[in-house]
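Topology and contacts: notes
Each chain, letter by letter, is given below.
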Amino acid sequence: MKARMKALAPTIGAVALLASAFLVAQAQVATDDPADVARDYKLESMAIAMPPGYDQVPTKTVREVNPDYQNIRSWISSVGASIAINDLVGHGRSDGMCLVDTRTDSVIVTYTPTAPQADRFTPFALRPDPITMDPTMAPMGCAPGDFNGDGGMDLLVYYWGRTPIMFLHRGEAAGPAPAYTPVEVIPSGDNGDQYHGERWNTNAVSIADFDGDGHPDIVFGNYFPNSGVLDPNGHPDVVMNDSMSNAKNAAGERVFRWIGNDPSGRPRYAEQKDAIPVGVSTGWTLAIGAGDLTSDLLPELYVGNDFGHDHLLYNQSTPGAIRFTTATGNRTWTDPKSFVLGNDSFKGMGVDFADMYNRGKFDMLVSNITTAWGIQESNFVWRNDTSAPDAMRNELAAGHAPFSQQAQQLGLAWTGWGWDMKAADLRNSGTLNVLQTAGFVKGDGGNRWPWLQELATTNDVILHDPGMWPRVIPGDDIAGGHPMALYAKGGDGKYVDITAQAGTDAAIPTRGVAIGDTTGTGVLDFAVARQWGPPAFFANQSPGLGNSLELRLYRPAQSATGKATVGQPAYNAAVTVRTADGRTTRSQLDGGSGHSGKRSFDVHFGLGDARTPVSADIEWLDTAGVPHHQTLQLAPGTHALMLTDKATEITEGITAP
């Protein structure tokens, strides 16, 4: 019998392959015409105010790199554009922006084009003086957050070439312009003219209260191992990935726990070196997302890695100790190996937690490289397959990730060379849109896809050597014309890309996408960061918008800043909304997740035609880390809530639109 089965093995394999192909083909049904779907959208492109004289600042289109990377310097220069929307002024309205412009390697603080005059100020470049910076360092992202709990919005800037710098909000600034004091997250022992710290190369952060003590912690996602990537005189100690499908030779995750504020109000952080299992902590990380899958107010972590496995990490932390364990999906006979969570071999570039099916629980969106006739992987829509949070908790504790991959079924599988990915209800219809940035290296000297495809077949023994990689220098093009995607759901339940019809399809590589209600009217706008191009802002002027419920969730500020503040953001807060017609949707205060775009802290729900009050179940931690839960009946509109031992609606410090 064994011999017989062995002889039949090739036939059985072929039948299984054909059956899988049949199942895939069955899912490929016709979708709605994008032009028909796009009629419900109107987006106005608006110029972003930059610092005075900024148009005279010299610009570049590629970076200086380590000599060993010279032949692939455009590849090395392919990331860094970043954008965030948040309330930087403190008026309770998300109309401030922090962005990284790779053309000048500047971190710019400005306002959204939709901001009222009361929130406008002279835009400026964020400078870390007297902290040491040199030409071998470049900013990669800017994440707003209140890291010392004083009610002022700080800015966390992370870099290639050094450890991150935190710009703490100063409350004595005159007028609406924010002012900041730079402090090192990790003291480096600088002597004022030379940097002595670690050579981090950070591409992503996730900010949340991971140990549940009432204060935000930070997970940094690093890419290259600590080395002088951007040092043209650097040592020949730099490397590339040691595998195209399971690389583990990068710097990976670094977890930092808040341990208190010093007497001056500066937050202090300690590294939790054992927080993430060693075997999954050294990937080439491009994206990190946090979301509470088990309703215990301790968010899980999804790590998106380039060149190998992504990881879902179950949060088993306790106050004062951050600890994650790994959960991996189960494979059935119809599942390709890369469609099993934790076993994929794709290029994880972006991640978002979102309730994609209106079931009151989080699913996960993941962005990959999905270029037809190039590298055609698949984006992921990881559908939450549990019945309740307790079931999810039991599965994750046992090391199982109960998710199935549904991107193709939803029409979200293939975009191009994807990066950041976020879900948001732009029409307040009760159905989420999906926004995805895209594009890699833009050039006019020829298509280099064949060389890249050849690289994908390279033996892993030599892959780590930059000298073995094909040339990617200025002029070369790989997916340089891919526009960002704007997905909207059609009448058949599948998403279609309406970016061409909506006017968001500029053929410029994009990286981060930031979303927020910049006008305080319950309508979401968005901005995108472009790699080696100007950032773009899109004001949402869509006709026939539905009603919305928008919650601004605060906890009491723990110390005065010298300027009136509403409060500190309620990190980890999650809300489940139930409408009279039976719809259920879950969302959260996103403290900062994804690739290089950071959405505002507003918790937004599209309600469609609903006009009567809805039930909002709110879960939160107070400033001492004590969990609370309360159900409120809230009318459509915008509500600011102070969360202590109960949720109380507030108006003080909140500016009307």
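Scroll up for the structure.
Residues numbered from 1 in each chain as written. Predicted model: local features only at pLDDT ≥ 70, side-chain atom pairs only at ≥ 80, totals over all residues. Heavy atoms only, no water.

So, on to the overall build of the chain. Scanning the chain from terminus to terminus reveals 8 helices and 38 strands. Computed over C-alpha atoms, the radius of gyration of the chain comes to 24 Å, within 12% of the 26 Å expected from 2.2 N^0.38 for 657 residues, which places it in the range of a compact globule. Once the C-alpha set of the chain is aligned to its principal axes, its extents read approximately 80 × 65 × 50 Å. By the burial criterion, 60% of the 657 residues in the chain qualify as buried. Of the contacts formed within the chain by residues at least 6 apart in sequence, a portion of 65% connects residues at least 24 apart. In the structure as shown, the chain presents an accessible area of about 23,800 Å², 53% of it carried by carbon and sulfur atoms. The chain carries 48 positive and 72 negative side-chain charges, and their two centres are separated by 4 Å. (Helix = DSSP H or I, 4+ residues; strand = E, 2+ residues; numbered from the N terminus. Rg over C-alpha atoms; globule rule 2.2 N^0.38 Å. Buried < 20%, exposed > 50% of the residue type's maximum accessible area, 1.4 Å probe, protein only. Contact = heavy atoms within 4.5 Å. Areas by Shrake-Rupley, 256 points an atom, 1.4 Å probe, with all protein chains shown as cover. Lys, Arg positive; Asp, Glu negative; His and termini not counted. Charge placed at Lys NZ, Arg CZ, Asp CG, Glu CD.)

Bringing unusual backbone geometry into the picture now. Going from Asp129 to Pro130, the amide bond is cis rather than trans, its omega being 5°. A positive phi angle, close to 65°, is found at Leu297, a residue other than glycine. Looking at where Leu297 falls in the secondary structure, it is placed in the loop between β14 (284-291) and β15 (300-306). By relative accessible area, which is 4% here, Leu297 ends up buried. Its identity as a non-glycine residue notwithstanding, Ala479 has a phi of 55°, on the positive side. One can find Ala479 in the loop between α7 (460-463) and β24 (485-489).

Before going further, it helps to examine the state of the cysteines. Across all of its chains, the model carries 1 disulfide by this definition. The disulfide that involves Cys98 links it to Cys142, with 2.0 Å between the sulfurs. Across the disulfide from Cys98 to Cys142, rotation about the S-S bond amounts to roughly 100°, and the bridge is consequently right-handed. With Cys98 in strand β3 (residues 96-101) and Cys142 in strand β6 (residues 138-145), this pair connects stretches of sequence that are 44 residues apart. With relative accessibility at 0%, the residue Cys142 sits in the buried group. (Disulfide = S-S within 2.5 Å.)

Let us look at the pattern of salt bridges. Following the criterion strictly, the structure yields 22 salt bridges and no others. The partner of Asp476 in a salt bridge is Arg448, with the nearest N and O atoms 2.8 Å apart. Note that Asp476 is positioned in the loop between α7 and β24 and Arg448 in the loop between β23 (433-438) and α6 (449-455), a separation of 28 residues in sequence. A relative accessible area of 2% means that Asp476 is categorised as buried. Using a relative accessible area of 15% as the deciding quantity, one classes Arg448 as buried. The closest approach of N and O atoms between Arg586 and Glu619, which form a salt bridge, is 3.0 Å. Taken together, the residues span a long stretch of sequence, with Arg586 in strand β32 (residues 584-588) and Glu619 in strand β35 (residues 614-621) at a distance of 33 residues. The exposure classification of Arg586 matches that of Glu619, with both residues buried. Counted as one network, the salt bridges with shared partners bring together Lys60, Arg63 and Asp105. (Salt bridge = Lys/Arg side-chain N within 4 Å of Asp/Glu carboxyl O.)

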